[in-house]
Amino acid sequence: MAFPFPTTIFFFFFTLIISSFFSLHSAQPPPSSTLGFRCTNATTPSANCYSLIDYHLPNTTTLSAVQSLFDIKNLRNLLAANNLPTTTPHNRTFPAESILRIPFPCLCRNATGISNRRPIYTVVPDDGLFHIAAEVFSRLVTYPQIQLVNNITDANTILVGQRLWIPLPCSCDEVDGEQVVHYGHFVAAGSTVEGIAEQFNTTERTLLNLNGMADAKELQASSILDVPLKVCKSMVTSNSLDYPLLVPNGTSIYTANNCVRCRCDAMNNWMLECEPSGLALPRGQTCPSTLCEGTSFNLGNITSGSGCSRSRCVYTGYTDGRINTTISRDSTCPGNNGLSNV
């Protein structure tokens, strides 16, 4: 014999299920509108520096598409940040889930570091702020952060063709008294703070402090972690247009109006290695001399001395359209990694 299901009981359970659903969803924290990484001890109230961040590719794409998305002026800068050969074609394809390091200028202001007015994204049909933040830029930012820096009153109302500043997180702070390049590291599933610290030659304590974490268990997969990258020592002087020239291990950078390429390799005792870039400059421009004054030594040339000492022509900066160099003696002996002028 079938028993009718009382209507009051049905509505009781229906109401309970609906209430539970909304309670669960309302318990989720809203996306953060807090901008950038902490940037509190910069030497000036408004400091600029060079930063890197991981872009976790949402789909198969080309280098030129990534360059365009992040407003990277020259493809060679993207290649240098990823230690790719300068001959790599712009249409080289990378599969979805790949990671590319994005170089960009950082601006520190009001104790916060964000990308300096770039990249700029142009809204296309069917775009929404959440889609732009979560899918186009792979959660490097949140939609409230985009809304905040672009003074958007209603997050649901953006216009096709509207240009949006995407505020990537960064910092110019020294860490433990040392100049570093702050790197927004994509946290892969299964990662630990201890493992990341070991991978990037830092400490667990430093990572916890930088990222405002009380416990290593707070680390979340797919988040962006502020990781300080040790940089190679250089002899660039404070009056140089590219001071401080900070180049982390496994990357290179073009400087001196693209006439000089400097790279950092930890295997070279953490000493910055610079040489003529060999690039063709636009509009018939030519690069100034890269010889060490009074010698036949060219920038990057090395001669061996007695024992494990050597002399080389090193880059010291770019001023008044001039590439500055000096002869330096260093040692390849184990335990010695200093530079000194001859």
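Every chain's residues receive numbers from 1 upward, in the order its sequence appears when written. Selection of residues for local features in this predicted model requires a pLDDT of at least 70, selection of side-chain atom pairs for listing and counting requires 80 or more, and totals for whole chains, interfaces and linings are taken over all residues. Neither water nor hydrogens contribute to the side-chain values; these are computed over all heavy atoms in the structure.

Trainee: Can you help me understand the overall build of the chain in this one?
Mentor: Secondary structure counts use DSSP, requiring at least four H or I residues in a row for a helix and at least two E residues in a row for a strand, with both numbered from the N terminus. Within the chain, the regular secondary structure consists of seven helices and 17 strands. Here the chain holds 342 residues, and the buried ones make up 43% of them. Working rule for contacts: check all heavy atoms of both residues, and any pair within 4.5 Å makes them a contact. Restricting the contact set of the chain to residue pairs at least 6 apart, pairs at least 24 apart contribute 61%. When the accessible area of the chain is evaluated, it comes to approximately 18,600 Å², of which 53% is carbon and sulfur surface. We call a residue buried when its accessible area falls under 20% of the maximum for its residue type, exposed when it is over 50%, and partly exposed in between, using a 1.4 Å probe and counting protein chains only. Note on areas: Shrake-Rupley with a 1.4 Å probe; residue coverage comes only from the protein chains shown.

Trainee: When you look at the packing of aromatic side chains in this model, what are you seeing that I'm missing?
Mentor: Each aromatic ring pair is characterised by the separation of its centres together with the angle its planes make. Under the pairing criterion, centres of Phe, Tyr and Trp rings, with the six-membered ring standing for Trp, must be within 6.5 Å; the plane angle then separates stacked pairs below 30 degrees from edge-to-face pairs above 60, leaving the rest tilted. According to the stated counting rule, one finds five aromatic pairs in the structure shown. Where Tyr 121 meets Phe 137, the ring centres are 5.9 Å apart and the plane angle is 80°; that geometry is what we call edge-to-face. Taken together, the residues Tyr 121 in strand β7 (residues 120-122) and Phe 137 in the loop between α4 (129-136) and α5 (143-149) connect sequence positions 16 residues apart. Exposure class is identical for Tyr 121 and Phe 137. Each is buried. An angle of 70° between the planes, with centres 6.5 Å apart, marks the rings of Phe 130 and Tyr 143 as edge-to-face. Pair noted here: Phe 130 is in helix α4 and Tyr 143 is in helix α5, with a separation of 13 residues, a long-range link. On the basis of relative accessible area, Tyr 143 is assigned to the partly exposed category, the value being 28%. Taken together, the ring pairs connect Tyr 55, Phe 70, Tyr 121 and Phe 137 into an aromatic cluster. The lysine or arginine in question, Arg 76, covers the ring of Tyr 254, its NZ or CZ lying 5.9 Å from the ring centre. We call a charge positioned above a ring when the Lys NZ or Arg CZ atom is no farther than 6 Å from the ring centre and deviates by at most 35 degrees from the ring normal. Arg 101 extends its terminal NZ or CZ atom over the ring of Tyr 183, reaching a point 4.4 Å from the ring centre.

Trainee: Even after reading the chapter, I still don't get the pairing of strand β9 (residues 180-186), so can you show me in this structure?
Mentor: Looking along a regular strand, one sees side chains alternate from face to face of the sheet. Across the seven residues that make up β9, a large majority, seven, are buried. Burial along β9 is two-sided: the face carrying Val 180, His 182, Gly 184 and Phe 186 and the face carrying Val 181, Tyr 183 and His 185 are both buried. Strand pairing is assigned whenever DSSP identifies at least 2 bridges connecting the two strands. Pairing between β9 and strand β10 (residues 224-230): seven bridges, direction antiparallel. Paired with Val 181 across the two strands is Leu 229, which belongs to β10.

Trainee: Before we go on, may I ask you to explain the confidence of the model for the chain in this structure?
Mentor: Note that predicted coordinates carrying low pLDDT should not be read in detail. Across the chain, the average pLDDT comes to 86, with 83% of residues at 70 or higher. The quantity known as pLDDT measures the predictor's confidence residue by residue, on a range of 0 to 100. The model gives residues 1-5 a pLDDT under 50, and that stretch makes one contact with residues more than four places away or in other chains. Counted against residues more than four places away or in other chains, residues 7-29, with its pLDDT under 50, gives one contact.

Trainee: Please clarify how the sheet that holds strand β11 (residues 252-255) should be interpreted in this entry.
Mentor: Backbone-to-backbone hydrogen bonds pair the strands of a sheet. The strands run either parallel or antiparallel. One open sheet accounts for three strands, arranged β11-β12-β13; its pairing is antiparallel. Taken across any chain shown, the strands that pair with only one partner, and hence form the sheet edges, are β11 and β13 (273-276). Between one strand and the next, the sheet's axes are offset by a mean angle of 25°, whatever the strand orientation. Bridge count for β11 against strand β12 (residues 260-263) is four bridges, and the pairing is antiparallel. Looking across to β12, one finds that Ile 253 is bridged to Cys 262. An axis is simply a line fitted to the C-alpha atoms; with a helix, the fit covers only the stretch in contact. Between two such axes, the angle follows the N-to-C directions and lies from 0 to 180 degrees.

Trainee: Hey, could you run me through the state of the cysteines in this one?
Mentor: Throughout this description, disulfide means a covalent bond between two cysteine sulfur atoms. Sulfur atoms of two cysteines make up a disulfide when they are within 2.5 Å. Considering all chains together, one arrives at seven disulfides under this definition. Residue pairing for Cys 106: its cysteine sulfur links by disulfide to Cys 170, the two sulfurs lying 2.1 Å apart. As the torsion about the S-S bond is roughly 85°, the Cys 106-Cys 170 disulfide counts as right-handed. Separated by 64 residues along the polypeptide, Cys 106 in strand β5 (residues 99-109) and Cys 170 in the loop between β8 (163-165) and β9 bring together distant segments of the chain. A relative accessible area of 0% places Cys 106 in the buried class. Disulfide pairing is shown between Cys 262 and Cys 274; the S-S distance is 2.0 Å. Negative torsions about the S-S bond denote left-handed disulfides, and the value of about 110° found for Cys 262 with Cys 274 makes this one right-handed.

Trainee: Help me understand the environment of Ser 309 in this model?
Mentor: Checked against the element boundaries, Ser 309 lands in strand β15 (residues 309-319). A residue is classified by how much of its surface remains accessible, and Ser 309, at 23% relative accessible area, is partly exposed.

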